[in-house]
Protein chains: 2
Amino acid sequence: MTDASLVVGALDAAGYRLTAPRRALAALMAAINGPFTAARVVDEARGRGLRVGRATVFRTIDALERAGAIERLDLPSGDHAYVACAPAHHHHVVCSGCGRTAEVADGDLAALVGEIGRRTGFRIDEHRLELFGSCPACVEAAGGGDA
Amino acid sequence: MTDASLVVGALDAAGYRLTAPRRALAALMAAINGPFTAARVVDEARGRGLRVGRATVFRTIDALERAGAIERLDLPSGDHAYVACAPAHHHHVVCSGCGRTAEVADGDLAALVGEIGRRTGFRIDEHRLELFGSCPACVEAAGGGDA
DNA sequence: GTTTTTGCAAACCATTTGCAGGGTC
DNA sequence: GACCCTGCAAATGGTTTGCAAAAAC
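Below is a short write-up of the structure. (Residues numbered from 1 in each chain as written. Chains lettered and ligands numbered in written order. Predicted model: local features only at pLDDT ≥ 70, side-chain atom pairs only at ≥ 80, totals over all residues. Heavy atoms only, no water.)

As a further point, take the interface of chain A and chain B. At the junction of the two partners, chain A supplies 42 residues and chain B supplies 42 residues. Summed over both partners, the interface of chain A with chain B comes to about 3300 Å²; 62% of that surface belongs to carbon and sulfur atoms. Contact with chain B buries surface across chain A, with F122, R123 and R128 of chain A losing the most and accounting together for 20% of the total. Between the two partners, chain A and chain B, sit zero salt bridges. On inspection of chain A and its partner chain B, the count reaches 14 residue pairs in polar contact (both at pLDDT 80 or more). Those elements that place two or more of their residues in the side of chain A that touches chain B are β1 (70-74), β3 (90-95), β4 (101-105), α5 (109-120), β5 (123-134) and α6 (136-141) of chain A. The element best represented in the side of chain A that touches chain B is β5 of chain A, accounting for twelve residues. (Contact = heavy atoms within 4.5 Å. Buried area = accessible area lost by both parts, 1.4 Å probe. Salt bridge = Lys/Arg side-chain N within 4 Å of Asp/Glu carboxyl O. Polar contact = N/O pair within 3.5 Å; in protein donor to acceptor, adjacent residues only side chain to side chain. Helix = DSSP H or I, 4+ residues; strand = E, 2+ residues; numbered from the N terminus.)

Right, dumping it as structure tokens:
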């Protein structure tokens, strides 16, 4: 759950027009905690009676991604999901039980990436780190076992 | 470019039947260096006169992935690609210029993942690290500039 | 001989695009 | 007022499925 105004603000800052559908979708996405798929957004929107077309959902997701307000996640299943998050470079830990996410600062990964570049001889421009597991609540609920 | 017999062997070890289409597709994938998409495999197969249906390509890719002979890559574009690789846990560096890849041992990432688990309170079961950049040859070709 | 696998074609699902009307700056 | 954005519906492209014949074990 992120503040919807942050999402809208990012859109504004990136030069996108603040239209009703975008505001509504931004609020909707900010209200979801955990990763959501485009289909999920379409469904939620329908459920709330928003009259937005599929195309607008995809276009808005695209705009929000460009604006840095949401980020794409590649789930182990192969599906694409998105999470509302801060624009700074970071990574996500996703709970496979409840879908909750936590952001992780890049931290020491930068050093590791540098080291990998040195060892392989590649010039590394970009990296993605995604972590999956169980959040504290789900670990608790499962008695320390699986989620 | 991996040895096709390794790929076939992995299928065998995982209990899959060794059929002609699977052998042919395994050889084809092993011969490609760099990541390949399902569509690419379908095309190459057609080009070589293999009479395999799309479905078989997808099913074989699935089998090979389960067998640990190939691994899925999530390209920055959002497309799914695969690479033939060793079954041990590792990560990939992909050249955005020529598609060449290098495998990177998990190495110090394990420690970093542990640290992240401690900081977030999540029990981390799985992680994916993907790196993108330019391989030595492409860096060279571009005079040290972009790929 | 039993069970898995294949090819084909149709079905499916997610995502994109063209276009005319409407809203934002 | 100019330009961006929206909804709709159709087009697209990738992936899966049902099924009878064929192959592997």
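Having seen the model, we can carry on.
Time to look at the relation of the copies chain A and chain B. Least-squares fitting of chain A to chain B yields an RMSD of 0.2 Å, with the transformation described by 0.0 Å of translation along the axis and a rotation of 179°. The superposition of one copy onto the other is thereby described by a two-fold rotation axis. Considering only C-alpha atoms, the residue of chain A closest to the rotation axis is L129 of chain A, which sits at 2.2 Å. Both copies share a contact surface, since 100% of the interface residues of chain A are interface residues in chain B too. (Least-squares fit on C-alpha atoms with pLDDT ≥ 70 in both.)

We now examine the protein's contact with DNA strand C. Taken together, 18 residues are adjacent to DNA strand C, and R17 and F58 of chain A together with R17, T56 and R59 of chain B come closest. By atom count, sugar and phosphate contribute 58% of the portion of DNA strand C lying within 4 Å of the protein. Between DNA strand C and R22 of chain B there is a distance of 2.9 Å, counted from a phosphate oxygen to a side-chain nitrogen or oxygen. The contact in question runs from a phosphate oxygen of DNA strand C to an N or O atom on the backbone of R51 of chain B, over 2.9 Å. Looking at the surface near DNA strand C, the elements that each hand over two or more residues are α4 (54-67) of chain A together with α2 (20-31) and α4 (54-67) of chain B. Per-element accounting of the surface near DNA strand C gives the leading share, four residues, to α4 of chain A. When its residues are assigned to classes, the surface near DNA strand C shows eight nonpolar, three polar and seven charged. (Near = heavy atom within 4 Å. Nonpolar A, V, L, I, M, F, W, Y, C, P; charged D, E, K, R; others polar.)

One pass over the full model with this rule turns up 17 salt bridges over all chains. The residue D74 of chain B makes a salt bridge to R128 of chain B at a minimum N-O spacing of 2.3 Å. Of this pair, D74 of chain B sits in strand β1 (residues 70-74) while R128 of chain B sits in strand β5 (residues 123-134); the two residues are 54 residues apart in sequence, bridging distant segments of the chain. Counted as one network, the salt bridges with shared partners bring together R72, D74, R128 and E130 of chain A.

Below, the discussion takes up the side chain of E130 of chain A. Relative to the elements of secondary structure, E130 of chain A occurs in strand β5. If sequence neighbours within four positions are ignored, E130 of chain A has contacts with R72, L73, D74 and H92 of chain A together with E126, H127 and R128 of chain B.

Residues and elements named next belong to chain A. Taken together, the neighbourhood of DNA strand D is formed by 19 residues, with R17, R22, R51, T56 and R59 sitting nearest. For DNA strand D, the backbone makes up 67% of the atoms found within 4 Å of the protein, where backbone means sugar plus phosphate. Contacts to DNA strand D include G53, whose backbone N or O atom sits 3.4 Å from a phosphate oxygen. The contact in question runs from a base nitrogen of DNA strand D to an N or O atom on the side chain of R59, over 2.8 Å. Residue classes in the surface near DNA strand D are distributed as eight nonpolar, four polar and seven charged.

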